[in-house]
Amino acid sequence: MHITRAKGFFDPIPDGPRKALHIVGNRWDITDSPPNAPLGIVCIGVKGQFEHDLIRKAAKEAL
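Residues numbered from 1 in each chain as written. Predicted model: local features only at pLDDT ≥ 70, side-chain atom pairs only at ≥ 80, totals over all residues. Heavy atoms only, no water.

**Side note on the environment of E61**
Next up, step 1: For E61, the location among the structural elements is in helix α1 (residues 52–62).
Next up, step 2: In sequence terms E61 and G45 are 16 residues apart; their C-alpha atoms lie 20 Å from each other. (Helix = DSSP H or I, 4+ residues; strand = E, 2+ residues; numbered from the N terminus.)

Rendered as structure tokens:
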């Protein structure tokens, strides 16, 4: 997928606690999010190598 960096907040299950996602290179971490964190994830990748559709598909499958 060629994600260089990603950060944001998501709801892994309906009515469950919101989580924070952090990706740097090949390292990633999911932790509890701060209260009232805004929903959404920002991804940064290398121009010409960033596969938008593949990232959306992987996110849907993961949830």
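From this point, the discussion proceeds with the structure in view.
**Concerning the nonpolar core**
Next up, step 1: Grouped together as the largest cluster of nonpolar side chains are six residues: I3, A6, F10, L21, I23 and I55.
Next up, step 2: Listing elements by their share of this core, those giving two or more residues are β1 (3–10) and β2 (19–24).
Next up, step 3: Element by element, the count of residues in this core is highest for β1, at three residues.
Next up, step 4: Other than its neighbours up to four places away in sequence, L21 contacts A6, K7, G8, F10, D29, I30 and I41. (Core = buried A, V, L, I, M, F, W, Y, C linked by side-chain atoms within 4.5 Å. Buried < 20%, exposed > 50% of the residue type's maximum accessible area, 1.4 Å probe, protein only. Contact = heavy atoms within 4.5 Å.)

Purely geometric stuff here, so don't read any function into it on its own.
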